[in-house]
Amino acid sequence: QQMLLAHLERRRIRPRDDALGAIAATLAPGDEPLEFMQAASMLTAAQELVLPGHTTSVAMIGNGLVRLLEDRTRWRLLVENPDLVAGAVEEVARFDNPVHGFLRVTTRPVTLAGRDLPAGAEVLLVYASANRDEALCDRPEVFDPTRGPTAHLGFALGPHFCPGAPLGRVQVRIALETLAQRLPDLRLDPDHEVVMRRDFTMRGPVTLPVRW
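Our subject in this report is the structure included herewith. (Residues numbered from 1 in each chain as written. Predicted model: local features only at pLDDT ≥ 70, side-chain atom pairs only at ≥ 80, totals over all residues. Heavy atoms only, no water.)

A short note on the packing of helix 3 (residues 36–69) against helix 4 (residues 72–80)
Point 1. With their axes 5 Å apart at the nearest point, helix 3 and helix 4 run at an angle of 110 degrees to one another. Comparing the axis directions of helix 3 and helix 4 gives the class roughly perpendicular. Packed against helix 3, whose contacting residues are Leu65, Arg67, Leu68 and Leu69, the element helix 4 presents Arg72, Arg74, Trp75 and Leu78 at the interface.
Point 2. Residue classes in the contact of helix 3 with helix 4 are distributed as five nonpolar, no polar and three charged. (Axes fitted to C-alpha atoms, helices over the stretch in contact; angles between N-to-C directions. Helix = DSSP H or I, 4+ residues; strand = E, 2+ residues; numbered from the N terminus. Parallel < 35°, antiparallel > 145°, perpendicular 65-115°, else oblique. Contact = heavy atoms within 4.5 Å. Nonpolar A, V, L, I, M, F, W, Y, C, P; charged D, E, K, R; others polar.)

As structure tokens, this is what we get:
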């Protein structure tokens, strides 16, 4: 937050034609000292742009590579059939999405799964579990890059549907297509372990050692 706020304050002093510059010019125009709400509004907007638009895509690319490379037949399928990449992206979003759930607050008394909750109760919605529901698809516990279209919750639904979903899909697709084209012999390094982040809010590899 301090790093982003420092960048935003610099954009106010020396405007540039970029996303942070647009945020600063819109939410805190002028050169008067920043008010608290101006700083908070700029920071929130910048975080919503940078974090979902970058960290989730990076994690999803890493998760996809782990699943594709842990079984070499999956990777060979993509190398030999580039048309399968778009479907593989959807399978990554279903099977191993970077974000597994959200915290929500009830706006009124409600009963969920037989439990009565008052208004204002904090609820952890783990929608990754729904993506493994047997009613959703055949063999939901298996990662299958050839799986057809599946109505998964990888990008959420309804009013909370991820506004960056189209961009995220394109980023992951281009990354996998490029790697499959340029590094067809890509494989996990057997001498080093894939280390995953120990973070509920973002699942993805910290290190992903590979060879080619």
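Regarding the packing of helix 3 against helix 5 (residues 85–95)
Point 1. With their axes 10 Å apart at the nearest point, helix 3 and helix 5 run at an angle of 100 degrees to one another. Taken as axis vectors, helix 3 and helix 5 run roughly perpendicular relative to one another. Across the interface between the two elements, Met60, Asn63, Gly64 and Arg67 of helix 3 pack against Val89, Val92, Ala93 and Phe95 of helix 5.

Brief notes about the nonpolar core
Point 1. In this structure, Met60, Leu65, Leu68, Trp75, Val89, Leu176 and Leu186 are the most contacted members of the largest nonpolar core, which totals 20 residues.
Point 2. Put simply, the parts of the chain that give this core at least two residues each are helix 3, helix 4, helix 5 and helix 7 (165–182).
Point 3. Per element, the largest residue contribution to this core is six residues, and it comes from helix 5.
Point 4. When sequence neighbours within four positions are dropped, the list of residues in contact with Leu68 reads Arg74, Trp75, Leu78, Phe143, Pro145 and Leu176.
Point 5. Of all hydrophobic cores here, the second largest spans nine residues; its members include Leu4, Ala28, Met42 and Leu43. (Core = buried A, V, L, I, M, F, W, Y, C linked by side-chain atoms within 4.5 Å. Buried < 20%, exposed > 50% of the residue type's maximum accessible area, 1.4 Å probe, protein only.)

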